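One letter stands for each residue in the lines below.
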Amino acid sequence: MIQVLESLNQDQIVFIKRYLKENFHQQDELNTYIEEVSNYYEAELAPYYVGLEQKSITGLLILDDVEEEMVYGRIFTKSFNFLDEIRKIFRNTDIDSLLLETPEELPGHSNLHFDYAEYMMALSAEKRKQTLSEQNEWISNQEKRVSLVPVAKEDRDFYESILEIQYDMEEEEAKERFDSLIDEDAMHGFIIYADCKDRVGIGSCYEGESFITLFDLTILPEYQGLGYGKGMILRLLSDSLGKNKKHLLQVTSSNLPAFQLYQKLGFEIIEQQLFYDLEIS
């Protein structure tokens, strides 16, 4: 049985949080999901789907967005039957498939297909020292070959074009990202140069109290596979800014070369989000 709900009352929230805590360690995120539904979800479909069996929860689906015949949502379940019941419900709509985000593998189902994964990876301050020590000779040999220059206003077109092309970012979003690198003290953007002359990529970081988050790590396609990506990461790690801080970054499973590079440099997966396509028709 699945309850289809327009909203959640306090008793239901407590009940669902217990399920998420016991099975997925995600109880604290529920309030954020509910807030996002309240603020951003505008579809005619009800946003919450709760599977119940003998007073126990078997699954939870929270819808994020609906675009034409595709639904995006977060799902938490270990039940094959819950997936089947969800398909039955959506067969009565115009929806062809659901793109589902989940922290753990979903049970096998003939209409369920793995799409991709997003990994949050971390490098501790101690591991950072070890990595830089192990890579010291490489860094010394590449010192003049790869350099990072802080972004300036005249770099706007180059930086924003990479965000739009490589990350499919909207023009306004790319503009806001670049503005934050110029205006905010905790944000730092860089242009990656090869041999002090060719612009081969971009990279940025956010400086938190106890961590550094790396993002926009991009080497242009024509320069990939030449060591510039490795040089960029090692330059960022060796910056005194993050000497005693954990470093974080995010990468998708589709970007295998980058994922393998981060692993070789000591980064470890601390969190994952898996994406599946559930066919309805």
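Residues numbered from 1 in each chain as written. Predicted model: local features only at pLDDT ≥ 70, side-chain atom pairs only at ≥ 80, totals over all residues. Heavy atoms only, no water.

Engineer: What is the right way to look at the overall build of the protein chain in this model?
Structural biologist: When helices and strands are tallied, the protein chain shows 9 helices and 12 strands. Seen through its C-alpha atoms, the protein chain measures out along the principal axes to roughly 65 × 40 × 35 Å. When burial is assessed residue by residue, the protein chain has 46% of its 281 residues classed as buried. Counting contacts in the protein chain only where the partners sit at least 6 residues apart, residues at least 24 apart contribute 69% of the total. The average position of the 26 basic charges and that of the 54 acidic charges among the side chains of the protein chain differ by 9 Å. (Helix = DSSP H or I, 4+ residues; strand = E, 2+ residues; numbered from the N terminus. Buried < 20%, exposed > 50% of the residue type's maximum accessible area, 1.4 Å probe, protein only. Contact = heavy atoms within 4.5 Å. Lys, Arg positive; Asp, Glu negative; His and termini not counted. Charge placed at Lys NZ, Arg CZ, Asp CG, Glu CD.)

Engineer: Would you take a moment to explain the environment of Gly225 for this structure?
Structural biologist: The topology assignment puts Gly225 in the loop between strand E10 (211-219) and helix H8 (228-238). Sequence separation between Gly225 and Leu256 is 31 residues; the distance between their C-alpha atoms is 12 Å.

Engineer: I would appreciate a short explanation of the packing of helix H6 (residues 156-166) against helix H7 (residues 171-183) in the present structure.
Structural biologist: Helix packing geometry: the angle between the two helix axes and the distance between the axes. At a minimum axis distance of 9 Å, the contact between H6 and H7 shows a crossing angle of 130°. The angle between the axes of H6 and H7 places the two elements in the oblique class. Here H6 and H7 pass one another in a crossing that is right-handed. Facing Arg156, Tyr159, Glu160, Leu163 and Glu164 of H6, the residues of H7 in contact are Glu171, Ala174, Lys175, Arg177, Phe178, Asp179 and Leu181. Residues belonging to the contact of H6 with H7 are distributed by class as follows: 5 nonpolar, no polar and 7 charged. (Axes fitted to C-alpha atoms, helices over the stretch in contact; angles between N-to-C directions. Parallel < 35°, antiparallel > 145°, perpendicular 65-115°, else oblique. Left-handed = near helix turned anticlockwise from the far one by under 90°. Nonpolar A, V, L, I, M, F, W, Y, C, P; charged D, E, K, R; others polar.)

Engineer: Any chance you could explain the pattern of salt bridges here in plain terms?
Structural biologist: Side chains that differ in charge, positive against negative, can pair when their charged atoms come close. The tally for this structure, following the rule as stated, stands at 10 salt bridges. Among the salt bridges present, the one from Asp179 reaches Lys175, with a minimum N-O distance of 3.1 Å. You can see Asp179 and its partner Lys175 sitting in helix H7, 4 residues apart, about one turn around the helix. By sharing partners, the salt bridges in this structure join Arg156, Glu160, Lys175 and Asp179 into a single network. (Salt bridge = Lys/Arg side-chain N within 4 Å of Asp/Glu carboxyl O.)

Engineer: For this particular structure, what's the right way to read the packing of aromatic side chains?
Structural biologist: How two aromatic rings sit relative to each other is set out by the distance from centre to centre and by the angle between their planes. Applying the stated criterion across every chain yields a total of 11 aromatic pairs. Joined through ring pairs, the aromatic side chains of Tyr19, Phe24, Tyr33 and Phe76 make up one cluster. Directly above the aromatic system of Phe24 lies the positively charged group of Lys78, at a separation of 5.4 Å from the ring centroid. Just above the ring of Phe158 sits the side chain of Arg199; from NZ or CZ to the centre is 4.1 Å. (Phe/Tyr/Trp six-rings, centres within 6.5 Å; stacked < 30°, edge-to-face > 60°. Lys NZ or Arg CZ within 6 Å of the ring centre and 35° of its normal.)

Engineer: How should I be thinking about a negative patch on the surface in this particular structure?
Structural biologist: On the surface, a cluster of negative charge is contributed by Glu42, Asp65, Glu67, Glu68, Glu69, Asp94 and Asp96. Secondary-structure assignment places Glu69 in the loop between strand E3 (56-67) and strand E4 (70-77). The class for Glu69 is partly exposed, based on a relative accessible area of 44%. (Patch = residues over 30% accessible without salt bridge, like charges linked within 9 Å, V, L, I, M, F, W, Y side chains within 5 Å. Areas by Shrake-Rupley, 256 points an atom, 1.4 Å probe, with all protein chains shown as cover.)

Engineer: What should I look at first to understand unusual backbone geometry in this one?
Structural biologist: Across the chain, the bulk of peptide bonds are trans and the bulk of non-glycine residues have phi less than zero. Notably, Gln54 is not glycine yet its phi reads approximately 50°, a positive angle. Looking at the element boundaries, Gln54 is found in the loop between strand E2 (48-53) and E3. By relative accessible area, Gln54 is classed as exposed at 75%.

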